[in-house]
Amino acid sequence: MEGEIMHKYRLYNVLFPLWFFLFIPSTGFFILTFIGNIIIDTLVLFLGCRLNHQDFKSAWKKCFLWIFGFGYLSDFIGGALLMFISFSVGSSVAYAIQFNPYAHLLGFLITAAITVLSGGLIYLFNLKISFRRLPWTLSEKRKAALLLAILTAPYLFLFPSIILYR
């Protein structure tokens with residue numbers, strides 16, 4: 001190693017919102033949420049099947065990967081919008097969006113609206129695409145899609161991640 005110059009770069013005081021780590025596959029948090037999403041999506045689909053008096057096993061085989069994938073896509077779209085908006089607003093609103101939605105009313109309203117938007121995308125993707133192979137009525141598909149949207153929306157966006165850095 002003589003003669004070689006080795007540089008080590010460290011980043012100090014770099015903070016990211018907790019929900020940012022949902023999208024970085026090399027983090028332990030990603031793996032934890034990945035497994036958690038599989039469990040939660042499965043349980044909510046099971047509940048949707050029970051409410052509609054439909055066979056869970058058959059439904060899971062036909063649509064689970066779509067539900068899971070579109071859930072992540074919806075969360076990613078919401079996270080990307082939050083990051084974009086936080087770079088476009090004043091520092092106190094950006095702080096609220098990224099680290100503590102309860103620190104600023106506008107930051108909270110933006111974060112809550114994006115959470116609802118992501119839930120709406122979950123509803124639309126599941127209703128229009130994930131459930132297309134299911135022999136259910138439109139009413140049954142709407143109930144299950146609404147259940148998934150409400151119970152699997154990215155509420156983590158509303159978590160004040162700043163408490164993890166204190």
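Residues numbered from 1 in each chain as written. Predicted model: local features only at pLDDT ≥ 70, side-chain atom pairs only at ≥ 80, totals over all residues. Heavy atoms only, no water.

Caption draft 1: Molecular detail of the overall build of the protein chain. Helix and strand counts for the protein chain come out as 5 helices and 0 strands. The linear arrangement of helices and strands in the protein chain, starting from the amino end, is α-α-α-α-α. For the protein chain, the residues scored as buried account for 42% of the 166 residues in total. At a minimum sequence separation of 6, the contacts of the protein chain that also span at least 24 residues come to 68%. For the protein chain, the exposed surface amounts to about 10100 Å²; the carbon and sulfur share of it is 70%. (Helix = DSSP H or I, 4+ residues; strand = E, 2+ residues; numbered from the N terminus. Buried < 20%, exposed > 50% of the residue type's maximum accessible area, 1.4 Å probe, protein only. Contact = heavy atoms within 4.5 Å. Areas by Shrake-Rupley, 256 points an atom, 1.4 Å probe, with all protein chains shown as cover.)

Caption draft 2: How the structure looks around the environment of N37. Checked against the element boundaries, N37 lands in helix α1 (residues 28–51). C-alpha of N37 to C-alpha of F68: the two residues are 31 residues apart in sequence and 7.3 Å apart in space. If we skip the residues at most four places from it in the chain, N37 touches F68 and Y72.

Caption draft 3: View of α1. Over its 24 residues, α1 runs 34 Å from end to end, which matches the ideal 34 Å to within 8%, given 1.5 Å per residue. All buried positions along α1 are accounted for by F30, T33, N37, D41, T42, V44, L45, G48 and C49. Summarising the contacts, the buried residues of α1 are in contact with α2 (56–88) and α5 (138–152). Just downstream of α1, H53 is the residue with a positive phi angle, here 55 degrees. (Expected span 1.5 Å × (residues − 1).)

Caption draft 4: Representation of the packing of α2 against helix α4 (residues 105–130) in the model. The N-to-C vectors of α2 and α4 enclose an angle of 155 degrees; their axes lie 9 Å apart at closest approach. Classified by the angle their axes make, α2 and α4 are roughly antiparallel. In the packing of α2 onto α4, the handedness of the crossing is right-handed. Partitioned by chemical class, the residues of the contact of α2 with α4 number 16 nonpolar, 7 polar and 1 charged. (Axes fitted to C-alpha atoms, helices over the stretch in contact; angles between N-to-C directions. Parallel < 35°, antiparallel > 145°, perpendicular 65-115°, else oblique. Left-handed = near helix turned anticlockwise from the far one by under 90°. Nonpolar A, V, L, I, M, F, W, Y, C, P; charged D, E, K, R; others polar.)

The values are spatial; any link to function lies outside them.
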